[in-house]
Amino acid sequence: MVTLALALAGPAVAQVMSISGKQPFDIRARQISFDRRRNLYEARGRVEVKTGQFVVQADYARVYMDTRTVHAEGNVVMLSAQYRLSGEKMFVNLRTRVAKAYKATLFLPEKHFYLYGRQIEKTSRDTFRVVGGSFTSCDGPRPVWKFTARKVNVTVDGYGWATHAAFYLGRLPLFYSPVLVFPAKTTRQSGFLMPSIGQSTVAGTIISTPFFINLSPSQDLTIFPTWMTTRGVMLGVEYRYELSRKSYGIAMVDYMFNDQVSAELHRAGDILAPYKNRYWLRYMGYQQVFPEVQLKMQIDWVSDVDFLREFANLPNGFPYTYDVFRRRFGLTLDPKYATARTSFVGFTRTWDRAQLTTYFRYYDNLSSTQHNMETAQILPTISFDFSRQAIGKSPFYFQLASQYTHYWRPRGSRGQVVQITPTINLPFNWRNILDFDFSFSPRIDLWWLSGLADPNLSSIDHREIYTWTGTVSSYVFRIFDLNWGSLKKIKHALKPSVTYTYRRVPNPQVAVPDLVSASTKANVITYSLTQTLTSKRMVWDTKVQKLKPQYDEFLKLTVSQSYDVDVASRDPAPGTNSRPFSAVTANLQLFPQGRYLQLEAGTAWNPYDSRFTSFNTEFTLSSGKGDSLSLDYRYTHGGARELTSRLIWTIFTGKLVFRWYNRHSFEYNKSFETTWELEYTPQCWGIRLVFAERPGDRTYMVVFSLQGFGEVGGYTGRLGRRTTER
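Observations concerning the nonpolar core
Grouped together as the largest cluster of nonpolar side chains are 51 residues, with contacts concentrated most on Ile27, Met78, Leu85, Val92, Leu106, Leu115 and Phe135. Each residue touching Ile27, except ones within four places of it in the same chain, is listed here: Gln15, Val16, Met17, Ile19, Ile32, Tyr41, Ala43, Glu48 and Val63. One finds Ile206, Val302, Val324 and Val690 within the second-largest nonpolar core, a separate group that totals 25 residues.

Here's what the structure looks like:
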């Protein structure tokens, strides 16, 4: 059955023809005529032939009813959800949906991929053949880069195979390949990622060619082979998995089979020892064992103390690993320069008012060749904590902290230590003016040890430590009405507090084994003043579709000092003065609304010597658009003075980004590490230039990226139910 209708189509009247049958389709055009002798329809002017979601558009078309084929000319476009095929002339079979287009363009929107050809043939539902053409992911008639090829066979959501392919940067040919395979998938795909090229005064020329393997929807693997002309070959592997929302992990390993310059570096004093085989294994993972029990695991195992510093600038070096673990797990490894690396496995079981935690911890001490012989390993520690709660209907509260630890090491003392600390609290308030909190905490230490070096120490013993604490505090505040846009009020609160602590330790002069926590007697008064600023804003809640108040504590300043009663009551040593007062400490936290400014600072002032004994501050200024400046300054009197600086500057939004990192020691008046990075990422390609300098080595790295061909550390993949970025 054929139905003819008239409809308005812009300024002119359009004809619509509906043809029914096993495969019905519609013809829409400004003019439609039927040739009975040849059994075909001719359509002119804004022609559209549509069957389901399959559409062919053209200026002119003939539809042959016997073969269900369309011969279209003039601005021909064939549309589908996965592709867009256009050309000057096209032949389409409406039954099989195969097609042949001339002077054609094939666009894959999911990959933002263009294929141009003298002839493009759609050979099946998802496959195309391109003859005499090129392909790129750049927009516009003059792409920044492209591959030309004699023939290309491409499968949507699969791969493309090109013969006699040449790569052009603009109009400049750079290389030729008789066969080239490239990804055309809309999901994660296996294949080579873009290489990294660099030059180092120590490692020589550096070339890294990573290969990504999609193992399954919940697992993938990336292999990082890195060639260093002077040092040798480094092989890296990264494995990611996600079995469920609460069971996922990332494992990485790098291995250098033979470091060919380590002996020379050792003779020059740049590294601790002449290493040969070098490696770094790291892993983080969560595993949901039972609904209430989650297993956590971390491995940080490195061959030597110099590895993380020397190979930090490789594509999967320490900065990359640190950032991946921080974003994925909210946890970080030990700092790059730490000489002790921590590995652990443990689980936590929680109840409404209690928590059971078990951890096996292994500390890899890299500071000497006999690094782990005398390091006490915790295998395991088991802690059970009972949160504070009322004792019946009485005014008293009870809480419990307990811990069992088994220490092991090949050389030195080892054994078991138990600590049990119950606490009784009595809090009360006096006329809403003063808050009192009195507590009594008896601590019991028990130990069973062996291998004690001192014969005067008891291998099996116990001790009891009693601590009494009393705190009196108050809380006063004032609210200021502002009504500055969404900011309605600010509350300024003051909390003065005085705490008295008395701790009795039996026989404080008697030594205890080093595996038992040290504890000294105390008779101390601590007084402090805490100030806070809290804002109240009215923000729009999209869930309930109305304004709701939002409270943010954006400033907190605490100043405190202690007074030792025992020191003040006894006579000082001849020629010295009594110093019962501790240093005055101040801690500041500043997090204004919008988080554009963050400041955390802490300092200690010695009132007797009139000087600062320490000063630590972390300052971050961000624009909210990716720009940021952070300064981390550490000062200890008579010790280290270091400043770590980081700068990220987006020069052109989404295109040009500058990054700078510097770790400077004022004590030695030199920088231990400086990194300059410039990244340019226009629409379809990118380049990252890296210059890193540390004592004894300078490294230059160049990383290229082509949209649709991947980049080291730059692809997006879906694992399980989550999307993770590298």
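Don't stop here, the text continues.
What about helix α3 (residues 318–329)?
Residues separated by three or four positions in an α-helix point in the same direction, a consequence of the helix having 3.6 residues per turn. Spanning 12 residues, α3 covers 16 Å between terminal C-alpha atoms, matching the ideal 16 Å at 1.5 Å per step. For α3, the set of buried residues is Phe318, Tyr320, Thr321, Val324, Phe325, Arg328 and Phe329. Projected down its long axis, α3 carries its buried residues within an arc of 160°, all on one side. Where α3 ends, the next residue or the one after it, Gly330, has phi of about 75°, a positive value.

Some thoughts on the state of the cysteines
For the structure shown, the criterion picks out 1 disulfide. There is a disulfide in this structure between Cys138 and Cys684, and the S-S distance comes to 1.8 Å. Here the S-S torsion is close to 80°, and the disulfide linking Cys138 with Cys684 is therefore right-handed. Within this pair, whereas Cys138 is found in the loop between β11 (127–136) and β12 (145–155), its partner Cys684 is found in the loop between β41 (670–680) and β42 (685–694), the two being separated by 546 residues in sequence. Using a relative accessible area of 1% as the deciding quantity, one classes Cys138 as buried.

What about the pattern of salt bridges?
As enumerated under the stated definition, the model contains 34 salt bridges in all. In this structure, the salt-bridge partner of Arg129 is Glu121, at a minimum N-O distance of 3.3 Å. Glu310 is the salt-bridge partner of Arg231, the closest N and O atoms lying 3.1 Å from each other. Pair noted here: Arg231 is in the loop between β19 (219–228) and β20 (232–244) and Glu310 is in helix α2 (residues 307–310), with a separation of 79 residues, a long-range link. Across this residue pair, the class does not change: Arg231 and Glu310 are buried.

Observations concerning the pairing of β41
Here strand β40 (residues 656–665) runs beside β41; their pairing, made up of 10 bridges, is antiparallel. The partner of Leu656 across the bridge, within β41, is Tyr680. From the end of β40 to the start of β41, which pair antiparallel, there are 4 residues, and Asn669 there has a positive phi angle of about 55°. Of the pairings in the sheet, the one linking β41 to β42 comprises 7 bridges and is antiparallel in character. Pairing of Thr674 across the sheet is with Glu693, part of β42.

Side note on the environment of Gly170
As for its placement among the helices and strands, Gly170 is situated in the loop between β13 (159–169) and β14 (172–183). Overall, the relative accessible area of 29% leaves Gly170 in the partly exposed class. Note: C-alpha distance between Gly170 and Val144 (26 residues apart in sequence) is 4.9 Å. Not counting chain neighbours up to four residues away, the residues in contact with Gly170 comprise Pro143, Val144 and Trp145.

Comments concerning the environment of Glu667
Along the chain, Glu667 turns up in the loop between β40 and β41. Separated by 33 residues in the primary sequence, Glu667 and Tyr700 place their C-alpha atoms 28 Å from one another. When sequence neighbours within four positions are dropped, the list of residues in contact with Glu667 reads Gly639, Ala640 and Arg641.

Some words on the environment of Asp66
In this structure, Asp66 sits in the loop between β6 (54–64) and β7 (69–79). By relative accessible area, Asp66 is classed as exposed at 54%. Through-space distance from the C-alpha of Asp66 to that of Leu40 is 8.1 Å; in sequence the pair is 26 residues apart. Among residues more than four places away in sequence, those in contact with Asp66 are Asn39 and Arg95. Here the side chain of Asp66 touches Asn39 through a polar contact of 2.7 Å, side chain to side chain.

Some points on the side chain of Glu677
Secondary-structure assignment places Glu677 in strand β41. Given the relative accessible area of 16%, Glu677 is considered buried. At 3.5 Å, the side chain of Glu677 forms a polar contact with the side chain of Arg688. Dropping the residues within four chain positions of it, Glu677 is found in contact with Val657, Phe658, Arg659, Arg688, Leu689 and Val690.

Overview of the side chain of Thr650
Tracing the chain through its elements places Thr650 in strand β39 (residues 641–652). Non-local contacts of Thr650, meaning those with residues more than four positions away in its chain, are made with Lys625, Gly626, Asp627, Leu656 and Val657.

Here's the deal with unusual backbone geometry
Peptide bonds are, in most cases, trans, and in most cases residues other than glycine have a negative phi. Here the bond from Leu379 into Pro380 is cis, since omega is -5°, no more than 30 degrees from zero. By the element assignment, Pro380 lies in strand β26 (residues 377–390). In the Ramachandran plot, Asn75 falls in the positive-phi region, its phi being about 50° despite a non-glycine side chain. Position of Asn75 relative to the elements: it lies in strand β7. With a relative accessible area of 59%, Asn75 lands in the exposed category. Even without being glycine, Arg431 reaches a positive phi, approximately 55°. Its place among the elements puts Arg431 in the loop between β28 (414–430) and β29 (434–450).

The rules behind each value
- Residues numbered from 1 in each chain as written.
- Predicted model: local features only at pLDDT ≥ 70, side-chain atom pairs only at ≥ 80, totals over all residues.
- Heavy atoms only, no water.
- Core = buried A, V, L, I, M, F, W, Y, C linked by side-chain atoms within 4.5 Å.
- Buried < 20%, exposed > 50% of the residue type's maximum accessible area, 1.4 Å probe, protein only.
- Contact = heavy atoms within 4.5 Å.
- Helix = DSSP H or I, 4+ residues; strand = E, 2+ residues; numbered from the N terminus.
- Expected span 1.5 Å × (residues − 1).
- Arc of directions from axis to C-beta.
- Disulfide = S-S within 2.5 Å.
- Salt bridge = Lys/Arg side-chain N within 4 Å of Asp/Glu carboxyl O.
- Pairing = 2+ DSSP bridges.
- Polar contact = N/O pair within 3.5 Å; in protein donor to acceptor, adjacent residues only side chain to side chain.

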